[in-house]
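The primary structure of each chain is shown beneath.
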Amino acid sequence: MERIFFGFLRALLVYFQEEEAPVRQRLENFRDAFWRFLRPHTVRGTIIGSTSLVARALLENADCINWFLVPKALRGLLALICGNGYIVGINQIYDVGIDKVNKPFLPIAAGDLSVSTAWALVLSLAVLGTGIVATNFGRLITSLYVLGLVLGAMYSVPPLRLKRFAVPAFLIIATVRGFLLNFGVYYATRASLGLPFVWSPHVIFITAFVTLFATVIAITKDLPDVEGDLKFKISTFATKLGVRNISLLGAGLLLTNYIGAIVAAFRFPQVFNTGPMAITHGILGVCLLYQLWLLESAKYSKEAISTFYRFIWNLFYAEYLVFPAI
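Small disclaimer: the values here were computed from a predicted structure and weren't measured. (Residues numbered from 1 in each chain as written. Predicted model: local features only at pLDDT ≥ 70, side-chain atom pairs only at ≥ 80, totals over all residues. Heavy atoms only, no water.)

(A) Structural view of the domain arrangement of the protein. Under the domain assignment used here, the protein contains domain 1 (1–12 + 30–194) and domain 2 (199–325). Computed from C-alpha coordinates alone, the two centres of domain 1 and domain 2 are separated by 22 Å. Taken together, both faces of the contact between domain 1 and domain 2 bury some 2,900 Å²; the carbon and sulfur share is 70%. Where domain 1 packs against domain 2, one counts zero salt bridges. Seen at the junction of domain 1 and domain 2, the total is six residue pairs in polar contact (both at pLDDT 80 or more). Secondary structure elements with two or more residues in the side of domain 1 that touches domain 2: α3 (40–60), α5 (96–102) and α8 (166–192). (Domains from an automatic or database assignment. Buried area = accessible area lost by both parts, 1.4 Å probe. Salt bridge = Lys/Arg side-chain N within 4 Å of Asp/Glu carboxyl O. Polar contact = N/O pair within 3.5 Å; in protein donor to acceptor, adjacent residues only side chain to side chain. Helix = DSSP H or I, 4+ residues; strand = E, 2+ residues; numbered from the N terminus.)

(B) Spotlight on a nonpolar patch on the surface. On the surface, Ile-65, Trp-67, Val-70 and Leu-74 cluster together to form a nonpolar patch covering roughly 420 Å² of accessible area. With respect to the helices and strands, the residue Leu-74 is situated in helix α4 (residues 70–94). (Patch = residues over 30% accessible without salt bridge, like charges linked within 9 Å, V, L, I, M, F, W, Y side chains within 5 Å. Areas by Shrake-Rupley, 256 points an atom, 1.4 Å probe, with all protein chains shown as cover.)

(C) Local environment of the packing of aromatic side chains. Going through the model one piece at a time under the given rule, you end up with 18 aromatic pairs. In this structure an aromatic cluster arises from ring pairing among Phe-205, Phe-209, Phe-213, Tyr-258, Phe-272, Trp-313, Phe-316, Tyr-317 and Tyr-320. (Phe/Tyr/Trp six-rings, centres within 6.5 Å; stacked < 30°, edge-to-face > 60°.)

(D) The pattern of salt bridges, seen in detail. In the structure shown here, the tally under the stated rule is seven salt bridges. With its nearest N and O atoms 2.9 Å apart, the salt bridge here joins Asp-112 to Arg-36. Residue Asp-112 is located in the loop between α5 and α6 (115–136), and its partner Arg-36 is located in helix α2 (residues 23–37); the two are separated by 76 residues in the primary sequence. Its relative accessible area of 31% is what places Asp-112 among the partly exposed residues. (Buried < 20%, exposed > 50% of the residue type's maximum accessible area, 1.4 Å probe, protein only.)

(E) Seen up close, the UniProt feature "transmembrane region" (unreviewed entry) in the protein. Those places that UniProt annotates as "transmembrane region" (unreviewed entry) correspond, in this numbering, to residues 113–134, 140–158, 165–187, 199–220, 241–266 and 278–295. For the annotated span residues 140–158, helix accounts for 89% and strand for 0% of the residues, and the straight-line distance between the end C-alpha atoms is 28 Å. When the span residues 199–220 is considered, its composition is 91% helix and 0% strand, and the gap between its end C-alpha atoms is 30 Å. (UniProt positions renumbered as here; feature names shortened; annotations may be inferred.)

Shown next as structure tokens:
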């Protein structure tokens, strides 16, 4: 751990020595590059998702709330952000050539962050996150956390580099963003409250819902990247089936999710708040159809595709935001 820490410091020193701007400007440049390196939309998803699951566990067990656990919860959130940063960071290290075509704004592709500094960052994030989890949340959660890091590496790092293959790629994303995050956070929250783990109907719902949602994210994330993926022979559903077909498939899966949520709201009124659950998912489904119509009207232009993908992430955030109320 000390070796990683000092390696990180050396990388930062090299970064600042290479910069000719004043120290304050160098710090600001590094802060901006580091934030882009973390991929803010994925950080928001992690924060909103984990906070929502904690809120659900607390609502179910209001009599067990202990405000002295807040620092532990914040440490857990930091660990999740570290894990998220490691996974997206290591992907950027190995995708720098592709990113110069598809995402030239990312810091390594843009030349704002060196590969050596990026390596120091991802290793530091992995060590810090694992250390936090191991000292706060027990063996099972630590094992799941490390599994998430390993799956993230398998996705990006040769010789496996499973992102090259459509099915393994979406299975990894669905597993990490869907099952591991939801189960892990809910389990850790109940354990911190001194409660044994049980699957509540609400957590079963959100885990199934978000796992399917993460599958949609996995197959649509490549929509804006077809040009670079074709150039570097990366096989994705978008390169194989076409942008329009994948957009329609993703929208269809999400609509299935929303219809299923509405049906569950009326089928199990003793479990869910029928009105809020049915109305919110109905509204989100209509918004999705409208966004799909805009995409079709724009003839699947690159800008429209990027907007559609960002909108899918907004729907992802929205689901977690409404989850505690349903």
